[in-house]
Amino acid sequence: MLAILHPDTQLDSPEYKHTLEFLKNLPGVTLRVHEIQGAQKKLTEIYLLGDTKSLSKEEIAALPAVERVIRISDDYRILGRHHDEQRQTGFTYNGVHFDQDNLHVFAGLCAVDNAEHVDIMMRALAEHGQVCTRMGAYKPRTNPYSFQGHGKACLPYVFENAGKHGIKVVAMEITHESHIEEIDTCLEKLGRPTGVMLQVGTRNTQNFELLKAIGRQREYPVLLKRGFGITLNESLNAAEYLASEGNANVIFCLRGMKTEAGLPHRNMVDFAHVPTVKRLTRMPVCVDPSHSVGNRDLAPDGISDVMHATAQGVIAGANMVLVDFHPKPEKALVDGPQALLMDELPYFLEDISLCHDTWRKREQIYERAKG
């Protein structure tokens, strides 16, 4: 059972204290409190865990701080929608709002190689009005002899450059809980010139101890990639691990399924699951066309497979695009063949904007159909 409090309820108010005291004394029930910072208001949700079938929904709804009560299923207790369309679906971090209606593009380097390329990338993004990017410092690789990323050595120039160019959020994959401290220490030392979204890669989707460690910190939101060899349900439960530890500011990323059936693409593109994830959960949904497709080959229409895949996801309602660009892909240390070229950035952004507008118009068609 879930008790949603009135917006902006103060945790030191008499109404909250009375409500919490009542709920604490319910037999066989434990509480878990989550605060969600939206664009304009803060919501507090209290999860009642245990034997809640006999509890009176009406009695709890009558408590002074409670706005409404929802009976929830076992699946995705915190992140699930539970057939309640009023549930808040987003969060605000470092001045950037993420939800199931808007769209942000995180274009950047799959793996940071040098400060010059970081500067070129961020300068180009700033010139085109972008405030988000992706920058890989820690790179898990299948081959132990492949480049593993520069790690904490590159963090200072990545974060300083982001601050210089007005980039507010940097998506950065981590592979060990110690990386959280390295990122936090570096940002603090520099005066927090930017923000970081911690990224969980497909290989770590079922690294449950890492998920718990990331979930225990509340400072940084999380981008969780779907596991490449597990079901959608298993990947969504991985996201629930994060939320169950306290951090519900999670974005779910579709990045293709590992199977030979996807050839000649690197993975089988799974962007048809964008609306499915939005229906089942209240997480914003990201698509990663670069790792799904794995190359920048052109179709006969002159449009690359990466751009076509991006369009599929955005027209289906994706809220974030994670995509590889590089000033010199032939010299990239990781995934150069799939990185788009810098002179393609304006066309890519224009294409995405067009697709997002099309999604809006599609929404309007079906809204009229309902009416």
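Small disclaimer: the values here were computed from a predicted structure and weren't measured.

## Re the packing of helix 4 (residues 155-164) against helix 5 (residues 178-189)
Running from N to C, helix 4 and helix 5 point in directions that differ by 50°, and their axes come no closer than 10 Å. Between helix 4 and helix 5, the interaxial angle falls into the category oblique. Here the hand of the crossing between helix 4 and helix 5 comes out right-handed. Contacts between helix 4 and helix 5 involve Leu-155, Pro-156 and Phe-159 from the former and Glu-182, Ile-183, Cys-186 and Leu-187 from the latter. Each residue belonging to the contact of helix 4 with helix 5 can be placed in one class, and the counts come to 6 nonpolar, no polar and 1 charged.

## Let's talk about the sheet that holds strand 10 (residues 195-200)
Whenever strands of a sheet pair, they do so through backbone hydrogen bonds, lying parallel or antiparallel. As summarised here, the arrangement of the 8 strands in space is 7-8-9-10-11-12-13-14, forming a closed barrel in which the pairing is parallel. For this sheet the average axis-to-axis angle between neighbouring strands, irrespective of direction, equals 25°. Across 5 bridges, the pairing between strand 9 (residues 169-173) and strand 10 is parallel. Among the inter-strand pairings, Ala-171 is bridged to a residue of strand 10, identified as Met-197. The strands touched by helix 11 (residues 345-370) within the sheet are strand 7 (104-109) and strand 14 (320-324), with strand 7 carrying the most contacts at an inclination of about 155°.

## What to know about the packing of helix 6 (residues 208-216) against helix 7 (residues 232-244)
Helix 7 packs onto helix 6 with a crossing angle of 40° between their chain directions and a minimal axis gap of 7 Å. Relative to helix 7, the element helix 6 is oriented oblique. Handedness of the helix 6/helix 7 crossing: right-handed. Where helix 6 approaches helix 7, its residues Phe-208, Leu-211, Lys-212, Ile-214 and Gly-215 are matched on the opposing element by Ala-238, Tyr-241 and Leu-242.

## Focus: helix 4
Turning to helix 4, its buried residues number three or more, namely Leu-155, Val-158, Phe-159, Asn-161 and Ala-162. Looking down the long axis of helix 4, one finds its buried residues gathered within 160° of arc, a one-sided arrangement. Taken together, the buried residues of helix 4 touch helix 3 (115-127), strand 8 (132-135), strand 9, helix 5 and strand 10. Phi turns positive, to about 75°, at Gly-166, one or two residues after helix 4.

About the cut-offs
Residues numbered from 1 in each chain as written. Predicted model: local features only at pLDDT ≥ 70, side-chain atom pairs only at ≥ 80, totals over all residues. Heavy atoms only, no water. Axes fitted to C-alpha atoms, helices over the stretch in contact; angles between N-to-C directions. Helix = DSSP H or I, 4+ residues; strand = E, 2+ residues; numbered from the N terminus. Parallel < 35°, antiparallel > 145°, perpendicular 65-115°, else oblique. Left-handed = near helix turned anticlockwise from the far one by under 90°. Contact = heavy atoms within 4.5 Å. Nonpolar A, V, L, I, M, F, W, Y, C, P; charged D, E, K, R; others polar. Pairing = 2+ DSSP bridges. Buried < 20%, exposed > 50% of the residue type's maximum accessible area, 1.4 Å probe, protein only. Arc of directions from axis to C-beta.

So yeah, pure geometry; function would need other evidence.
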